[in-house]
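Residue-level listing of the chains:
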Amino acid sequence: MEIRIEKTGDPRQKPSDESKLGFGTYFTDHMFMMNYDEGQGWHDPRIVPYGPIELEPSAMCLHYAQEVFEGMKAYKAKDGRILLFRPEKNMQRLNSSNDRLCIPFIDEDFGVEAVKALVEIDRDWIPTSEGTSLYIRPFIFAMDPQVGVHPAKHLLFMIILSPVGAYYPEGLNPIKIYVENNYVRSVYGGMGYTKTGGNYASSLKAQAESEKIGFTQVLWLDGIERKYIEEVGTMNVFFALDGEIVTPELSGSILPGVTRMSVIDMLKSWGYNVTERKISIEEVAEAARDGRLLEAFGTGTAAVISPIGLLKNGQDEIVINNGKIGDIAQRLYDTLTGIQWGELPDEFGWTVAL
Ligand code: COI
C-alpha cells in the first residue's frame, strides 16, 4: 500500500529547551492515519498535518474502550543515522493486543514502514540531548457510531510522535515504589498482557493515591493470592538477588515488554543467571533482611532502566542498595542507550536505521 502524504503548510513551534521536554506533552507536525472498514480491510494510509480528528459522540471507543496502543522510540545517532529499536517487536505485540481486543490485524511490515515514513518526515523533531528521544505512539481504536457492545467494524490506526525526556522526574535516580495491596491491575484471563488503555485506566486510582503519599509508582501484586509480584505501573521489574536475577514470568497478566526481553538477553550474554519465575513480595523482603537483595530496577520503553531505591510494603520499608543506583542497572542503562544511540556495537542486531 502506498502512503499518501500531505505536508503541513503551517509548521508547529518546536520546544526550544530540550532539558524541559518532560514526557509526552509536545507533538510533531504530522501524524499517520489508516482506516479499517469491514469488507474493505485496512485502507487509505496517509500522513497528514497533526491536528484534531472528528469522532461521533457515539464512537464505540469512547464507551467500551476497544483500543490498543504501542510505545517505541527513534534516536538520532551522532553520525546522522536515525535508529529505531526492535520496531518489529512492537508491531508483533500490537497484533497480540489486537487479537485479544477483537481488532483486525495489521500487516506488521507495513506498520514498521508507516513508522519509518512518519519519523522521516518529522526527523527535525528528534531531540539530540542526552536522555532524550522521539517517542512513537501507534494506536488503534473503534469508530463505529453505535452504543451496542460488539466488536467494531470501523476502526482507525494512527501514529503520533512526541519529543521526550525522561519519563520520571527522578531521571536515573532511584525511585520510591509503593507495594499495592488493595487494588489489582489484572488477573489471568484478563487483558494484562495487552497494551490497552483499560489497563492504564484501572491503574490510575492506585497511582494517584501512592503519589499523594510521596511514591513514584505502585508495584502490582497478582490479583488472586495478592502475593506474587507482577509489574510496576509503566515498567517490568527485575530483582538482583545474590547469584540470581529474577523477573516475574509472563503469566498472562503481565506486559511482555520489549525492553524486558532485551534486558534478559543482555544479562544472559554477560553471564548472569537470569530466571523468569514467580517471585513473592515476601521473598524480596526476606532477601532484603538477609542482605541478599542487591538491586531492583524497572524496564520499559518510556522508563528505559529505572532503579528502585525503596519499596514500601505495608509498614515495612525495604531500602535497596542504600537508595543508590546499582552497578547492574547502570551497566544496563549505559549499554542499552549506547546501542539505541548507535554509540556501541549492536551485537544483537536490534537497531533498524530509517
Ligand atoms: C511505554 O513504555 O512505552 C509505555 O507505553 C508506558 C507508558 C507511557 C504508558
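In this numbering scheme, every chain counts its residues from 1 along its sequence in written order. Local features in this predicted model are restricted to residues whose pLDDT is 70 or higher, and side-chain atom pairs enter the listing and the counts only when it is 80 or higher, whereas totals over whole chains, interfaces and linings include all residues. As a rule here, side-chain values cover all heavy atoms of the structure and leave hydrogens and water aside.

Peer 1: Can you break down the site of the ligand residue by residue, with the values?
Peer 2: Residues are classed as near a molecule or strand on a simple rule: at least one heavy atom within 4 Å of it. In the vicinity of the ligand, the contacting residues are F69, G71, Y135, R137, Y167, K195, Y200, T234, T301 and A302. Pairs of N or O atoms are called polar contacts if they sit within 3.5 Å, as long as, within protein, a hydrogen donor faces a hydrogen acceptor (for residues adjacent in sequence, only side-chain-to-side-chain pairs). Y135 is positioned with one of its side-chain polar atoms (N or O) 2.6 Å from an oxygen atom of the ligand. One of the side-chain N or O atoms of K195 is found 2.8 Å from an oxygen atom in the ligand. Summarising the interface, the protein chains cover 90% of the accessible area of the ligand, which totals 280 Å² for the free molecule. Looking at the shell around the ligand, its residues break down into five nonpolar, three polar and two charged. Just so you know, the domain bounds were taken from an automatic or database domain assignment. Both of domain 1 (4-164) and domain 2 (175-335) provide at least three residues apiece to the shell around the ligand. To measure how exposed things are, a 1.4 Å probe is used in the Shrake-Rupley method; for residues, cover is taken only from the protein chains shown. Classification convention: Asp, Glu, Lys, Arg as charged; Ala, Val, Leu, Ile, Met, Phe, Trp, Tyr, Cys, Pro as nonpolar; all other residues, Gly among them, as polar.

Peer 1: Any chance you could break down the nonpolar core for me, citing the residues and the numbers?
Peer 2: Among the buried residues, those of types Ala, Val, Leu, Ile, Met, Phe, Trp, Tyr and Cys that are joined through side-chain atoms within 4.5 Å form a nonpolar core. Exposure categories follow from relative accessible area, calculated using a 1.4 Å probe and restricted to protein chains: below 20% of the type maximum is buried, above 50% is exposed, and the middle band is partly exposed. Core analysis: the biggest nonpolar cluster contains 45 residues, and F32, V119, I136, I140, F157 and I159 have the highest contact counts within it. A run of DSSP states H or I qualifies as a helix once it reaches four residues; a run of E qualifies as a strand once it reaches two. Both are numbered from the N-terminal end. Among the elements that take part in this core, strand β8 (residues 154-164) stands out by supplying seven residues, more than any other. If we ignore the near neighbours within four places in the chain, the residues touching F157 are F32, M33, M34, W42, L94, I106, P138, F139 and I140. We call two residues in contact when some of their heavy atoms are within 4.5 Å.

Peer 1: Let's hear about unusual backbone geometry: which residues, and what values?
Peer 2: Keep in mind that most residues, glycine aside, have a negative phi and that most peptide bonds are trans. Phi is positive for D44, close to 55°, though the residue is something other than glycine. Take D44: it is sitting in strand β3 (residues 41-49). You can call D44 partly exposed: its relative accessible area is 33%. Even without glycine at this site, A65 takes up a positive phi of about 60°. You can see A65 is positioned in the loop between α1 (60-64) and β4 (67-69).

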